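Chains, contacts and geometry: an overview
Here are the chains, one letter per residue:
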Amino acid sequence: MPTPLMVRSELLSTDLTSKTYVVTGANSGIGLVTTRQLIKQGATVVMGVRRVQEGKRVAAEIRREMPLAKLEVFQLELGDLSSVRAFAGEVCRHHPKLQGLINNAGVMKTPFGRTKDGFETQFGVNHLGHFLLTNLLTDALKAGAPSRVVNLSSYFHEFSMGRKGEIHFDDLNYHRRPFDSWEAYAQSKLANLLHARELGRRLAGTGVTAVSVNPGFVRTNLITIPLPMWLQRLLVIPVLRLAGMIEPWEGSQTSLHALLAPEVEKQSGAYYSQIARYKDKASRKGGWPLSSPNPLAHDDAVAKRLWDASEVLVQAR
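Residues numbered from 1 in each chain as written. Predicted model: local features only at pLDDT ≥ 70, side-chain atom pairs only at ≥ 80, totals over all residues. Heavy atoms only, no water.

A look at the overall build of the chain
A count of helices and strands for the chain gives 9 helices and 9 strands. Taking 317 residues into account, the globule formula puts the C-alpha radius of gyration at 20 Å, and the chain, at 18 Å, falls close to it. Taken along its principal axes, the extent of the C-alpha atoms in the chain is 50 × 50 × 40 Å. With 317 residues in all, the chain has 57% of them scored as buried. Across the chain, contacts joining residues at least 24 apart in sequence account for 75% of those joining residues at least 6 apart. Total accessible area computed for the chain in this model is approximately 13600 Å², and 55% of it derives from carbon and sulfur atoms. (Helix = DSSP H or I, 4+ residues; strand = E, 2+ residues; numbered from the N terminus. Rg over C-alpha atoms; globule rule 2.2 N^0.38 Å. Buried < 20%, exposed > 50% of the residue type's maximum accessible area, 1.4 Å probe, protein only. Contact = heavy atoms within 4.5 Å. Areas by Shrake-Rupley, 256 points an atom, 1.4 Å probe, with all protein chains shown as cover.)

Topic: helix α9 (residues 300–315)
Two residues of an α-helix separated by three or four positions point the same way, owing to the 3.6 residues in each turn. An ideal rise of 1.5 Å per residue puts 22 Å on 16 residues; α9 measures up with 22 Å between its terminal C-alpha atoms. If you check which residues of α9 are buried, you get Val302, Ala303, Leu306, Trp307, Ser310, Leu313 and Val314. Down the axis of α9, the buried side of the element spans an arc of 140°, and every buried residue falls inside it. Turned more than 90 degrees away from the buried face of α9, the exposed residues are Ala301, Val312 and Gln315. Where α9 is buried, its residues touch α3 (81–94), α4 (121–143) and α5 (181–202). The opening residue of α9, the one whose side-chain oxygen lies 3.0 Å from the backbone nitrogen of Ala301, is Asp299. (Expected span 1.5 Å × (residues − 1). Arc of directions from axis to C-beta. Polar contact = N/O pair within 3.5 Å; in protein donor to acceptor, adjacent residues only side chain to side chain.)

Quick notes on unusual backbone geometry
Residues Ala145 and Pro146 are joined by a peptide bond in cis, for which omega reads 5°. Inspection of the secondary structure assignment puts Pro146 in the loop between α4 and β5 (147–152). For the bond from Trp288 to Pro289, the omega torsion is 5°, close enough to zero to count as cis. The phi dihedral of Met161 falls on the positive side, at around 50°, and the residue is not glycine. Its location among the elements puts Met161 in the loop between β6 (159–160) and β7 (163–164). Here the phi dihedral of Tyr174 falls at roughly 55°; this positive angle occurs in a residue that is not glycine. Note that Tyr174 resides in the loop between β7 and α5.

Points about the sheet that holds strand β3 (residues 70–75)
In spatial order, the strands read β3-β2-β1-β4-β5-β8-β9; together these 7 strands make up an open sheet with parallel pairing. Two strands lie at the open edges of the sheet, namely β3 and β9 (271–273), each paired on one side alone. The sheet shows a mean angle of 20° between the axes of neighbouring strands, direction not considered. As defined by bridge partners, strand β2 (residues 44–49) adjoins β3 across 6 bridges and the pair is classed as parallel. From the neighbouring strand, Met47 faces β3, where its bridge partner is Val73. The strands touched by α3 are β1 (20–24), β2 and β3; relative to β3, the strand with the most contacts, the crossing angle is about 150°. (Pairing = 2+ DSSP bridges. Axes fitted to C-alpha atoms, helices over the stretch in contact; angles between N-to-C directions.)

A look at the pairing of β2
In terms of residue burial, β2 counts as a mostly covered element, since 6 of its 6 residues are buried. Here β2 shows a buried face lined by Thr44, Val46 and Gly48 and a second buried face lined by Val45, Met47 and Val49. Pairing of β1 with β2 involves 5 bridges; the strand directions are parallel. If you follow Tyr21 over to β2, its bridge partner there is Val45. Once you follow β1 into helix α1 (residues 29–40) and on to β2, the crossover reads as right-handed. Considered for its hand, the β-α-β crossover made up of β2, helix α2 (residues 52–65) and β3 is right-handed. (Right-handed = clockwise from strand over helix to strand, strands pointing away.)

Put into structure tokens, the structure is as follows:
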């Protein structure tokens, strides 16, 4: 595999003391690494987490390392739209101006299930929860402009274990067709990309930039290996590294570039990718930005149709 793409060093020393960012899934994996870097640069970070006590524990650890850290922990359950609305309300009350929203949280290859509002779990959590959250925070992002929205997609939006990434408008939430977990994941990750594309179009001229990113094949808690950690370190992780797996710090690079690089402001709606095992070999070295190898990722009619369908679904609950 190629060498992972890394953020320009000067961007990681930019003073962010006047900026406020919301990070979902901020207490672990890529979200935690992103949060720590933003705090290190002086930003205020609102951590949206499912488990508040765990979030507070992580926040306390960060404060021990960085006593001046400015961070807040609020509960956010993306599979419950009432929780999304409550979280957004708290954020807006405390921070009427935002400079960034990182839609980082997500689930992968879950067994069949439904969110509290009746959506298929992966589509509901990965896309619809973040879709509603973004809508609810848009006024704060406009008020804090220039600002950015970063959706974490995946290279699996092209193919997910052989399942093609597409939006099944006739049955988005698997009410009629047989459930396939990898197919559902691919749909949700393509939805993340199309959401950012359509959001970028709708917010043109407002000072809010919207993009999607692929962090790469990252060693996070989404990857569960039923072996003792010492054995994983000895045998499994070296093999996975050869297959292209990268560490959370490397996985956070694309999110940080999308948040901090000045040129991104002129590329709203774009897709940024870390190295990845795309079917298309030319895309495997990644790119900031990268033209997705999935033709549907460039279809503005599909993006608009998904937006309209998502709007109906979240407003109906």
